[in-house]
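Spelled out from the first residue to the last, the chains are:
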Amino acid sequence: MTFIEQFKKIMQDAMPAFLANPFIKDCEAGRIDARALYTYIYQDNIYLDVYLPLFSKGLDNFGIDSESLRQFEGDQETEPHLMLQKLADEKDPAAKATITKEWLPATTGYLKHIQDSQKEGDFIFLCSLAACPYVYGYLTEKMIESGQIKKGNPFYPWFDFYKGTDGQLTVDFMKVLEEEADKVDEEMQSRGLTAFYQAVQFENDFFAQSLEKEG
């Protein structure tokens, strides 16, 4: 099994947990929880403000110059956020005033994990960064292909956006990782897989925290 095949296996094994995630289940059912969507958008903005500069650093470390990767590097996710905001605004605009403006645990934990991975070395860092585009691309593609998310579902455009954009991004990123994995020993590869696995778990937690009520 190649290094990238092991990435895919990690995500395949994680899929049942993602499909059981209350945020994803709401999307699948077409249920719009305005407060959860506003929370997700707010936390994702916090996350991206830190993640995107780290992503840029990760590319620079390896001299990566892929069009899709560089596009993602400067993308503040405006379009998908606007898709969710429109749904929330139509459902219950007053819910926006009820969300917390603090960093939630999964946001903090996820970013700390990436920053800690950076301290372990460039390859480990790149592996931890990969989970963000990989999870979105893999999850949305599989749920659309399986018919779990269909046209007519209010979340279909959001899923389709990531299926279209993160698909090529994932291909490009995996190509880079496969090349870099061949340059490191098995121990380093194992540490990279662990960093990726942990980041995948944080992605699932990140979705779920949007539905957690305070107090």
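How each quantity is defined
Residues numbered from 1 in each chain as written. Predicted model: local features only at pLDDT ≥ 70, side-chain atom pairs only at ≥ 80, totals over all residues. Heavy atoms only, no water. Helix = DSSP H or I, 4+ residues; strand = E, 2+ residues; numbered from the N terminus. Contact = heavy atoms within 4.5 Å. Areas by Shrake-Rupley, 256 points an atom, 1.4 Å probe, with all protein chains shown as cover. Phe/Tyr/Trp six-rings, centres within 6.5 Å; stacked < 30°, edge-to-face > 60°. Lys NZ or Arg CZ within 6 Å of the ring centre and 35° of its normal. pLDDT = per-residue confidence, 0-100. Core = buried A, V, L, I, M, F, W, Y, C linked by side-chain atoms within 4.5 Å. Buried < 20%, exposed > 50% of the residue type's maximum accessible area, 1.4 Å probe, protein only. Polar contact = N/O pair within 3.5 Å; in protein donor to acceptor, adjacent residues only side chain to side chain. Expected span 1.5 Å × (residues − 1).

Description of the overall build of the protein
For the protein, the count of helices and strands is nine helices and zero strands. Along its sequence from the N terminus, the protein presents helices and strands in the succession α-α-α-α-α-α-α-α-α. Taking as baseline every contact in the protein between residues at least 6 positions apart, the subset at least 24 positions apart corresponds to 83%. Total accessible area computed for the protein in this model is approximately 10,000 Å², and 50% of it derives from carbon and sulfur atoms.

Regarding the packing of aromatic side chains
According to the stated counting rule, one finds 24 aromatic pairs in the structure shown. Directly above the ring of Tyr 138 sits Lys 142, whose terminal nitrogen or CZ lies 5.3 Å from the centroid.

A look at the confidence of the model for the protein
In the predicted model, the protein carries a mean pLDDT of 90, and 89% of its residues have values of at least 70. Element-level pLDDT for the protein is lowest in helix H4 (residues 67-73), with a mean of 60, against a maximum mean of 98 in helix H2 (residues 22-29).

Looking at the nonpolar core
Core analysis: the biggest nonpolar cluster contains 68 residues, and Tyr 40, Tyr 51 and Leu 177 have the highest contact counts within it. Of all the secondary structure elements, the ones that give two or more residues to this core are helix H1 (3-20), H2, helix H3 (34-61), helix H5 (78-91), helix H6 (105-120), helix H7 (122-145), helix H8 (156-181) and helix H9 (186-209). Counting residues per element, this core draws most heavily on H7, at 16 residues. Setting aside its immediate chain neighbours within four residues, Tyr 40 contacts Phe 23, Leu 84, Tyr 136, Trp 158, Tyr 162, Phe 206, Phe 207 and Ser 210.

A word on the side chain of Gln 209
Considering the arrangement of structural elements, one finds Gln 209 in helix H9. A polar contact is formed between the side chain of Gln 209 and the backbone nitrogen of Ala 106, at a distance of 3.0 Å. Filtering out sequence-adjacent residues up to four positions away, Gln 209 remains in contact with Gln 43, Leu 104, Pro 105, Ala 106 and Thr 107.

Structural notes on the environment of Leu 193
By the secondary structure assignment, Leu 193 is in helix H9. A residue is classified by how much of its surface remains accessible, and Leu 193, at 12% relative accessible area, is buried. Counting along the chain gives 69 residues from Leu 193 to Ile 124, while the straight-line C-alpha distance between them is 8.2 Å. When residues no more than four places from it in sequence are discounted, the contact partners of Leu 193 are Phe 3, Gln 6, Phe 7 and Ile 10.

Some points on H9
Its 24 residues place the ends of H9 35 Å apart at the C-alpha level, agreeing with the 34 Å of an ideal helix rising 1.5 Å per residue. Its side-chain oxygen 3.3 Å from the backbone nitrogen of Glu 187, Asp 185 forms the N-cap of H9.

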